[in-house]
Amino acid sequence: MEPIEPEPRGRAALRRGLALTSLLFFLGTGAFVADSPIPGNDSQQITVRTPRDLPRLPHRIGNGPLTLIGGWELFSDNSEFGGFSALHAMGDGRLLALSDAAILAGFTITSKGRAENSFIAPLPVRRGERSTKKDQDSESLTFDPVTGRYWAGFEQRHRIRRYAPGFARAEATGKPPAMQEWPDNGGAEAIVRLRDGRFLVFAESRSIRPGVTVGLIFRSDPAEPGARALSFAYQPPEGYRITDVAQLPDGRLVALHRRFHYAEGVSARIALIDVRRVRPGALVRPSVTATLKPPLPVDNMEGIAVDREGKRTILWVIADDNYLSLQRNLLLKFEFSEPASSR
């Protein structure tokens, strides 16, 4: 075999230059592909996992009426999954979670702790209405069991929209004048339709004075033009902001509040409101029944819903992960039980 002669120095340098040029082109093409829009994932599947910090169950929360009986982290490959700001319980473990991007997620938590029959879909928009991000900042949700209709509260442009049963369509959109001066990100954080037909809307950060925010009472449908609002003052637990509210079987309200402290981290407080004290011009102070903080599983808790299982009253609480990998879409299940004498 003839000996292989060494490649001339100039040719070797040219070869290395071409190889480097090819490598840079390849890397450049890869970077271009990586920066290109990634197609959205429209998966309808929701899965659950037990939180690593879930205590042994059942776990009573302090000396109050709440006992933690279940906890899950929610996952989906759907590109729009997460960011939950409101929650509604339909019975038999069926839940509807509404994100702050007007995305509705429905799923059932089975008796074995699995998620089944899930869907993920945007809320319908009325014909002729805008659908920008500012128009779709949904924060709150309530329901009328008689008509089957839903109402959602929106920040930024401060509206309340009514939906037909099953969210078949958006029926009406109201822009109550009393809400139009609220902060962009401090609007209708909580809304509840009471059994007597009134609606209560709680502002997250529209302050009357330090530590006291605005609440509104509507005696008619707030999504209809001309709906009149009467105001009251709401004093949440010190350092906390209200994020959701629901009505208990006995008529009282249960309110969820969140807090972030640089030294102590995140926490949440669940409190009761005597609905008889919610009157025009009144100062309403809730009674705290539970504080959720580490080492319990807790995150940016934003949604609360009331359910019944036989004779038991159930509270569901959901967290908003802000679409960040460091946060979690937590779902917690509590039994609410207190002595009749304390009501």
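Everything below is about the structure printed above this text.
The rules behind each value
- The residue numbers shown here count from 1 along each chain, following its written sequence.
- The predicted nature of this model means local features are confined to residues of pLDDT at least 70 and side-chain atom pairs, given and counted, to a pLDDT of 80 or more, with totals for whole chains, interfaces and linings taken over all residues.
- Processing note: side-chain calculations cover all non-hydrogen atoms of the structure and skip hydrogens and water entirely.
- Side-chain atoms within 4.5 Å link the members of a nonpolar core, which is a set of buried Ala, Val, Leu, Ile, Met, Phe, Trp, Tyr and Cys residues.
- The buried label goes to any residue with under 20% of its type's maximum accessible area, the exposed label to any with over 50%, and the partly exposed label to all in between, with areas taken from a 1.4 Å probe on protein chains only.
- A run of H or I in DSSP becomes a helix once it reaches four residues, and a run of E becomes a strand once it reaches two; helices and strands are each numbered from the N terminus.
- The contact rule is simple, with two residues in contact once any of their heavy atoms fall within 4.5 Å.
- Salt bridge, as used here: a side-chain nitrogen of Lys or Arg that lies within 4 Å of a carboxyl oxygen of Asp or Glu.
- The criterion for strand pairing is that DSSP finds at least two bridges linking the strands in question.
- To define axes, lines are fitted to C-alpha atoms, for helices over the stretch in contact only, and angles between the resulting N-to-C directions are given on a 0 to 180 degree scale.

Topic: the nonpolar core
Argument step 1. Ranked by size, the top nonpolar core spans 25 residues in total, and within it V254, L292, L315 and F334 carry the most contacts.
Argument step 2. Contributions of two or more residues to this core are made by strand 3 (66-75), strand 17 (253-261), strand 18 (265-273), strand 20 (287-292), strand 21 (301-309), strand 22 (312-319) and strand 23 (330-336).
Argument step 3. Here this core gets four residues from one element, more than from any other, and that element is strand 23.
Argument step 4. With residues up to four places along the chain from it excluded, the contact list for V254 reads D244, V245, A246, L248, I270, A271, L272, I304, V306 and L315.
Argument step 5. Within the second largest apolar cluster, 20 residues are counted, among which are W72, F81, A89 and I109.

Observations regarding the pattern of salt bridges
Argument step 1. Scanning all chains against the criterion turns up 21 salt bridges.
Argument step 2. When the shortest N-O distance is used, the salt bridge between D53 and R328 registers 3.0 Å. Note that D53 is positioned in the loop between strand 1 (47-49) and strand 2 (59-60) and R328 in the loop between strand 22 and strand 23, a separation of 275 residues in sequence.
Argument step 3. Given the relative accessible area of 23%, D53 is considered partly exposed.
Argument step 4. The exposure class assigned to R328 is buried, which follows from its relative accessible area of 11%.
Argument step 5. Across the salt bridge formed by E335 and R312, the nearest N and O atoms sit 3.3 Å from each other.

Considerations on the sheet that holds strand 9 (residues 150-154)
Argument step 1. In spatial order, the strands read 8-9-10-11; together these four strands make up an open sheet with antiparallel pairing. Strand pairing shows two members of the sheet lacking a second neighbour, strand 8 (138-143) and strand 11 (170-174), which therefore form its edges. This sheet shows a mean twist of 20° between the axes of neighbouring strands, independent of strand direction.
Argument step 2. Where strand 9 meets strand 10 (residues 159-163), five bridges bridge the pair, whose relative direction is antiparallel. Bridge assignment links Y150 to a residue of strand 10, and that residue is Y163.

Concerning the pairing of strand 8
Argument step 1. By the criterion of burial, strand 8 is predominantly enclosed, with five of the six residues buried.
Argument step 2. Of the pairings in the sheet, the one linking strand 8 to strand 9 comprises five bridges and is antiparallel in character. The residue bridging S140 from the neighbouring strand is G153, located in strand 9.
Argument step 3. The hairpin turn running from strand 8 into strand 9, its antiparallel successor, is six residues long, and G148 in that turn takes a positive phi close to 80°.

Details of the sheet that holds strand 20
Argument step 1. Strand order in this open sheet of four strands is 16-17-18-20, and the pairing throughout is antiparallel. Of all strands in the sheet, those with a lone pairing partner are strand 16 (241-247) and strand 20, marking the two edges. The sheet shows a mean angle of 25° between the axes of neighbouring strands, direction not considered.
Argument step 2. With six bridges connecting them, strand 16 and strand 17 associate as antiparallel partners. Counterpart to R241 in the pairing with strand 17 is R258.

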